[in-house]
Amino acid sequence: MTQDDHAISTATTISPGGDTHICSQTFPASAEQIARARDFVRDNLKDHPARETAAVLTSEAATNSVRHSGTRFFGVKITVLAGNCLRVTVTDEGRAGTPHLRNGTTDTDTENGRGMHIIDLMAERWGTVRRPGVGAALWFECTA
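As the structure is a prediction and not an experimental result, all values here were calculated from the model. (Residues numbered from 1 in each chain as written. Predicted model: local features only at pLDDT ≥ 70, side-chain atom pairs only at ≥ 80, totals over all residues. Heavy atoms only, no water.)

**Student:** Mind showing me how you'd approach the overall build of the protein here?
**Tutor:** Scanning the protein from N- to C-terminus turns up three helices and seven strands. Ordered by position in the sequence, the α and β elements of the protein form the string β-β-β-α-α-β-β-α-β-β. Counting every position in the protein, which comprises 144 residues, the buried fraction comes to 42%. Taking all contacts inside the protein whose residues are at least 6 apart in sequence as the whole, residues at least 24 apart take part in 54%. On the protein, roughly 7,900 Å² of surface is accessible, and the fraction owed to carbon and sulfur atoms is 47%. (Helix = DSSP H or I, 4+ residues; strand = E, 2+ residues; numbered from the N terminus. Buried < 20%, exposed > 50% of the residue type's maximum accessible area, 1.4 Å probe, protein only. Contact = heavy atoms within 4.5 Å. Areas by Shrake-Rupley, 256 points an atom, 1.4 Å probe, with all protein chains shown as cover.)

**Student:** Whenever I open this one, the packing of aromatic side chains confuses me. Can you help?
**Tutor:** Note on aromatic pairs: each is described by the distance of the centres and the angle between the planes. Summed over all chains, the structure comprises two aromatic pairs. On the numbers, 6.0 Å between centres and 75° between planes, the contact of Phe27 with Phe40 is edge-to-face. Residue Phe27 is found in strand S3 (residues 20-28), and its partner Phe40 is found in helix H1 (residues 31-44); the two are separated by 13 residues along the sequence. Aromatic side chains Phe27 and Phe74 sit 5.2 Å apart centroid to centroid with 20° between the ring planes, which places their arrangement in the stacked category. Of the two residues, Phe27 is situated in strand S3 and Phe74 in strand S4 (residues 73-80); the sequence distance between them amounts to 47 residues. Judged by relative accessible area, which is 0%, Phe74 ranks as buried. These aromatic residues form a ring-pair network of at least three members: Phe27, Phe40 and Phe74. For the cation-ring pair, Arg87 lies above Trp139, with the distance from its terminal atom to the ring centre recorded as 4.1 Å. (Phe/Tyr/Trp six-rings, centres within 6.5 Å; stacked < 30°, edge-to-face > 60°. Lys NZ or Arg CZ within 6 Å of the ring centre and 35° of its normal.)

**Student:** Would you mind going over a nonpolar patch on the surface with me for this structure?
**Tutor:** There is a patch of nonpolar side chains on the surface, built from Val56, Leu121 and Met122 and spanning about 280 Å² of accessible area. When its relative accessible area of 36% is taken as the criterion, Met122 is described as partly exposed. (Patch = residues over 30% accessible without salt bridge, like charges linked within 9 Å, V, L, I, M, F, W, Y side chains within 5 Å. Salt bridge = Lys/Arg side-chain N within 4 Å of Asp/Glu carboxyl O.)

**Student:** Explain the side chain of Ser59 to me, please; I cannot follow it from the model alone.
**Tutor:** Looking at the secondary structure, you find Ser59 in helix H2 (residues 51-68). Among residues more than four places away in sequence, those in contact with Ser59 are Ile34 and Arg38.

**Student:** Looking at this model, I keep getting lost on the packing of H2 against helix H3 (residues 115-122). Mind explaining?
**Tutor:** What describes two packed helices is the angle between their axes and the distance between those same axes. Interaxial distance between H2 and H3 falls to 9 Å at its minimum, and their mutual angle equals 150°. Here H2 is positioned roughly antiparallel relative to H3, judged by the angle of their axes. Between H2 and H3 the crossing geometry is left-handed. In contact with Thr53, Val56, Leu57, Glu60, Ala61 and Asn64 of H2, H3 contributes Gly115, Met116, Ile118, Ile119 and Met122. Among the residues forming the contact of H2 with H3, the class breakdown is seven nonpolar, three polar and one charged. (Axes fitted to C-alpha atoms, helices over the stretch in contact; angles between N-to-C directions. Parallel < 35°, antiparallel > 145°, perpendicular 65-115°, else oblique. Left-handed = near helix turned anticlockwise from the far one by under 90°. Nonpolar A, V, L, I, M, F, W, Y, C, P; charged D, E, K, R; others polar.)

**Student:** Help me understand H3, please; the structure alone is not making it clear to me.
**Tutor:** An α-helical segment advances 3.6 residues per turn. Residues three or four places apart therefore align on the same side. Among the residues of H3, Gly115, Met116, His117 and Ile119 are the ones counted as buried. Contact partners of the buried residues in H3: H2, strand S6 (125-131) and strand S7 (135-142).

**Student:** What am I meant to see in unusual backbone geometry here?
**Tutor:** Residues apart from glycine generally show negative phi values, whereas peptide bonds are mostly found in trans. If you check the backbone angles, Asn84 has positive phi at about 65° while not being a glycine. Checked against the element boundaries, Asn84 lands in the loop between S4 and strand S5 (86-92). Overall, Asn84 belongs to the partly exposed group, its relative accessible area being 40%.

**Student:** What's the story with the pattern of salt bridges in this structure? I'm lost.
**Tutor:** When their charged atoms lie close together, side chains carrying opposite charge are able to pair. Enumeration according to the criterion identifies six salt bridges in this entry. Note that Glu52 and Arg42 form a salt bridge whose closest N and O atoms lie 3.0 Å from each other. Note that Glu52 is positioned in helix H2 and Arg42 in helix H1, a separation of ten residues in sequence. Judged by relative accessible area, which is 39%, Glu52 ranks as partly exposed. Sharing partners across several salt bridges, the network here consists of Asp39, Arg42, Arg51 and Glu52.

Purely spatial values, then, with no claim about function.
And the structure:
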């Protein structure tokens, strides 16, 4: 799959509340696209102090989407909130429910199940939204 195989939509908009939507992009739901999503965040947040945290958390959220949602694609949207706080939202078709913390998955010997714990530890706040027939979203906020 080439980089041209995924749809790209970018925008910069300012909402009435002062939030700035930096950009968004849609990726096919495949393992190799997770690195592209992480790079997308890094490339669009070159000077933001929470750049690396946002990139790591995007990788975890995208991995969760690709592995567990049964989706054909996932989207990444970056928004700068008041006080230079970042909100990144990872959306998918939500075919397999909503992301959540699993009990007993903090063991470092397990191969999966740690992504949501990493998001829980590193993000200032996070949450999920599920709209039947539309999809699911995992969002997180981080600051420097």
